[in-house]
Amino acid sequence: MNDVAHVVLKPVEDGEENPYLLGVYAPVVDEISADDLEVIGSIPADLNGVYVRNGPNRRFPATGRHHWFDGDGMVHAVHFENGRARYANRWVRTEAFEAESRAGRGLWTGVMEDPKGNPFGNGHGLGLKDSANTDVTFFAGRLLASWYLCGTPRALDPLSLATLGPETFLGTLTGDFMAHPKVDEATGELFWFDYGPEPPYLRYGVVGADGRVAHTTHVDLPGPRLPHDMAITENHAILMDLPLIQDQEARRQGRYKLHFERSLPSRFAVLPRYGDGSRVRWFEAAPGYIYHVVNSWEEDGEIVLDVCRVKDPQHQPRISHPLARMLAYLRLDAQLWRYRFDLTTGRTVEGPRDEDNTEFPSIDSRMVGRRNRFAYNVHIAREDTLLFDGIVRYDLHTGERQDHRFGAGRWGSEAPFAPRDGGTGEDDGYLVSFVTDERENRSEVVVLHAADLAAGPVCRILLPVRVPVGFHATWVRADQLGGRG
Ligand SMILES: [Fe+2]
């Protein structure tokens, strides 16, 4: 525990004292562009590309209780070019954001309130605001801002951050789209799923290298589930049926409540990339929940799947607070975990690769679906709200780990791997993270050597503003920008 009180949790009556609206979480009100940034150290000339991070940043207060996940999507980006850097932040212009902007006030309630009366929701009839606030994925020259409850992906220009509009993949996307699609950079394909509260509960699809949806199929589930992520290998896609399920009684009463069913196994659907749902092979494992996949690949007749596994997703509230349940659910407690699915015997072998609480994993994006050696996770702070106090580098071959801590009262973001220009080897590059200092109320960009976290920052780029603590980030290499970098 550090000694700086970043939020004060005290009994209150309404959302205005919600810790996820205060301090390092407080939404910012301005969209800015800044290119005259103070640098401590020097920005490597061989670090060229864009670091982009999404996160919730509500523009207008809503009636009722606020959940951290309710905020409007806002992307924060740093563009690195020949030893210089510039920063910009922009809201994602979703239909809901535009409607509230026209009205000049909040029109949607959040996930902790009854959505009845909200203007519109997503394709599943879920009346919540599709905020596109969760992840940002680079595909076919565009950034796709996405939402964890499944909505319409929004295409953004990776340099200007302007919202280009709903991404329909040349008019071929039907239904909704989850937060964490997977891109195979070797083939140019994108893999996604869509889930909802009514049958079919899970739909899987592929966007081909021509930018059009090339395949969709249903994957049968015994009921509605809340899958958050998926995996691909060179030949397969892997989807999940995990026993964190919606409480059906609460749902009938119009409330949204989750229940961890400890008597049910975790189940993993393995199907060929272009396979029909009838070709799924199910593998069973111990109950748990998985937010994020590290990577997956095929090896000697097995599928290896590395994830951050939550052993017990239903934390009991440990403090007295009107928002105690939300705070408990947002206390992420995960371990690096490996599954091996034997394609011959159908057996699963599973176990931890580390005991520590790390999450928001990233790898070299060129290794997605192929055997990777390194993973870079954030370290979860022992705090009452979700905060990242460092980065952990895992060598999955040797089992070794390295750590970097941001320092007292300094909280980081997901830190994707950014390959060095001309780099050789999987680990030859940098990690980039926003770090927000709660005492100074401003943020900086920290660049680390991916292979040597202990050496400390290569440089720190001081920003004139605070970047609120947020969700997922990605790195777009200059070569992916097609000469626009
Ligand atoms: Fe996520």
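Data block above holds the structure.
In this text, all values refer to a predicted model and were calculated from it rather than measured experimentally. (Residues numbered from 1 in each chain as written. Predicted model: local features only at pLDDT ≥ 70, side-chain atom pairs only at ≥ 80, totals over all residues. Heavy atoms only, no water.)

Undergrad: Run through the overall build of the protein, naming residues and quoting values.
TA: When you go through the protein residue by residue, the secondary structure sums to three helices and 33 strands. Expected size for 485 residues packed as a compact globule is a radius of gyration near 23 Å; at 21 Å, the protein falls within 12% of this value. Along the first, second and third principal axes, the C-alpha atoms of the protein reach 55 × 55 × 45 Å. In the protein, which comprises 485 residues, the share counted as buried stands at 60%. (Helix = DSSP H or I, 4+ residues; strand = E, 2+ residues; numbered from the N terminus. Rg over C-alpha atoms; globule rule 2.2 N^0.38 Å. Buried < 20%, exposed > 50% of the residue type's maximum accessible area, 1.4 Å probe, protein only.)

Undergrad: Help me get a handle on the coordination of the iron ion, residues and values and all.
TA: Protein coordination at the iron ion comes from His 180 (NE2), His 228 (NE2), His 292 (NE2) and His 472 (NE2), with a distance range of 2.1 to 2.2 Å. One can describe the donor arrangement at the iron ion as irregular, given that its four donor atoms subtend angles of 86 to 175 degrees at the metal. We note that the donor set of the iron ion lies within a single chain, spaced as H-x47-H-x63-H-x179-H. Pair noted here: His 180 is in the loop between β9 (163–166) and β10 (182–184) and His 228 is in the loop between β13 (213–218) and β14 (231–232), with a separation of 48 residues, a long-range link. Judged on exposure class, the residue His 180 and its partner His 228 are both buried. (Donors = N, O, S within 2.8 Å, 3.2 Å for Na, K, Ca; no water. Tetrahedral: all angles 85-135°; square planar, octahedral: opposite > 155°, others 65-115°.)

Undergrad: Residues and numbers for the layout of surface pockets, please.
TA: The space that makes up the second largest pocket amounts to roughly 780 Å³. Taken together, the elements giving at least two residues each to the lining of the second largest pocket come down to β6 (135–139), β10, β20 (289–299), β24 (358–362), β29 (417–419) and β33 (473–477). A breakdown of the residues in the lining of the second largest pocket according to their chemical character gives 17 nonpolar, 13 polar and eight charged. (1 Å grid on protein atoms, 1.4 Å probe; cavity = no way out; pocket = protein on both sides within 12 Å on 5 of 7 lines; lining within 4 Å. Points joined across faces, edges and corners; volume = space filled by probe spheres on them. Nonpolar A, V, L, I, M, F, W, Y, C, P; charged D, E, K, R; others polar.)

Undergrad: Pulling in residues and values, what's your account of helix α1 (residues 95–103)?
TA: Restricting attention to buried positions, one finds in α1 the residues Ala 96, Phe 97, Ala 99 and Glu 100. For α1, the buried positions fall inside an angular range of 165 degrees around the axis, keeping them on one side. Tucked into the core, α1 has its buried residues touching β5 (84–91). Immediately beyond the C-terminal end of α1, within one or two residues, lies Gly 104, with a positive phi of roughly 75 degrees. (Arc of directions from axis to C-beta. Contact = heavy atoms within 4.5 Å.)

Undergrad: If you had to explain the pairing of strand β7 (residues 142–146) to someone new, which residues and values would you point to?
TA: A regular strand places its side chains on the two faces of the sheet in alternate fashion. Counting buried positions along β7 yields four of five residues, so the element is predominantly enclosed. Strand direction decides the pairing type here: β6 and β7, joined by five bridges, are antiparallel. The residue of β7 that forms the bridge with Phe 138 is Leu 143. The loop that links β6 with its antiparallel partner β7 comprises two residues; one of these, Ala 140, has a positive phi angle of about 50 degrees. Alignment of β7 against strand β8 (residues 154–156), held across three bridges, turns out to be antiparallel. Paired with Leu 144 across the bridge in β8 is Ala 155. (Pairing = 2+ DSSP bridges.)

Undergrad: Summarise the packing of aromatic side chains; cite the residues concerned and give the values.
TA: Counting across every chain of the model gives 24 aromatic pairs. Summarising the aromatic geometry, the rings of Trp 68 and Phe 69 are spaced 6.2 Å apart at their centres and angled 40 degrees between planes, so their arrangement reads as tilted. For Phe 69, a relative accessible area of 23% puts it in the partly exposed group. For the pair Phe 80 and Trp 475, a centre-to-centre distance of 5.7 Å together with 50 degrees between the ring planes defines the contact as tilted. Linking Phe 80 in strand β4 (residues 74–81) with Trp 475 in strand β33, this pair joins segments that are 395 residues apart in sequence. Across this residue pair, the class does not change: Phe 80 and Trp 475 are buried. Put simply, the rings of Tyr 20, Tyr 25, Trp 68, Phe 69, Trp 147, Tyr 148 and Phe 471 pair up and form one aromatic cluster. Here Arg 59 stacks its cationic end above the ring of Trp 91, 5.4 Å away from the centre of that ring. (Phe/Tyr/Trp six-rings, centres within 6.5 Å; stacked < 30°, edge-to-face > 60°. Lys NZ or Arg CZ within 6 Å of the ring centre and 35° of its normal.)

Undergrad: Go over the side chain of Asp 135 with me, naming the residues and quoting the values.
TA: Following the sequence through the fold, Asp 135 ends up in strand β6. Buried charge Asp 135 goes without a salt bridge, the closest partner of opposite sign being Lys 182 at 6.4 Å. Of note is the side chain of Asp 135, whose polar atom sits 2.8 Å from the side chain of His 180. Apart from the residues lying within four places of it in its own chain, the contact partners of Asp 135 are Asn 54, Leu 144, Ala 145, Ser 146, Ala 179, His 180, His 472 and Ala 473. (Lys, Arg positive; Asp, Glu negative; His and termini not counted. Salt bridge = Lys/Arg side-chain N within 4 Å of Asp/Glu carboxyl O. Polar contact = N/O pair within 3.5 Å; in protein donor to acceptor, adjacent residues only side chain to side chain.)

Undergrad: Just give me the short version of empty space enclosed by the protein, but keep the residues and values in it.
TA: On inspection of all chains with the given rule, the structure shows six cavities of 30 Å³ or more. Counted as a void, the largest cavity has a volume near 160 Å³. Asp 70, Trp 108, Thr 109, Gly 110 and Lys 129 are, among the 16 residues lining the largest cavity, the residues nearest its centre. Roughly 90 Å³ of volume is contained in the second largest cavity. Looking at the second largest cavity, it is lined by twelve residues, and the ones nearest its centre are Leu 126, Tyr 195, Gly 196, Pro 197 and Gln 246. Among the residues forming the lining of the second largest cavity, the class breakdown is seven nonpolar, four polar and one charged.

Undergrad: How would you sum up the pairing of strand β23 (residues 348–352)? Please name residues and give values.
TA: Sheet topology places strand β22 (residues 334–342) next to β23; five bridges connect them, and they run antiparallel. In the sheet register, Arg 340 faces β23, and the bridge partner there is Val 349. Once β22 ends, the chain turns through five residues before running back antiparallel as β23, passing Gly 346 with a positive phi of about 80 degrees.

Undergrad: Before we move on, can you summarise the sheet that holds β24 with the specific residues and values?
TA: Either a parallel or an antiparallel arrangement is found when strands of a sheet pair, and the pairing is made through backbone hydrogen bonds. Read from one edge of the open sheet, four strands run β24-β25-β26-β27, paired in antiparallel fashion. The open sheet is flanked by β24 and β27 (401–405), the only strands paired with a single partner. The mean inter-strand angle of the sheet, taken between neighbouring strand axes irrespective of direction, is 25 degrees. (Axes fitted to C-alpha atoms, helices over the stretch in contact; angles between N-to-C directions.)

Undergrad: Quick one: what's the story with the sheet that holds β5, residue by residue and with numbers?
TA: Taken in spatial order, the five strands of this open sheet run β1-β5-β4-β3-β33, and their pairing is antiparallel. Only two strands of the sheet have a single neighbouring strand rather than two, namely β1 (33–34) and β33. Pairing geometry for β4 and β5, over eight bridges, is antiparallel. By the bridge assignment for β5, His 76 is matched with Asn 89.

What is shown is where atoms sit, not what they do.
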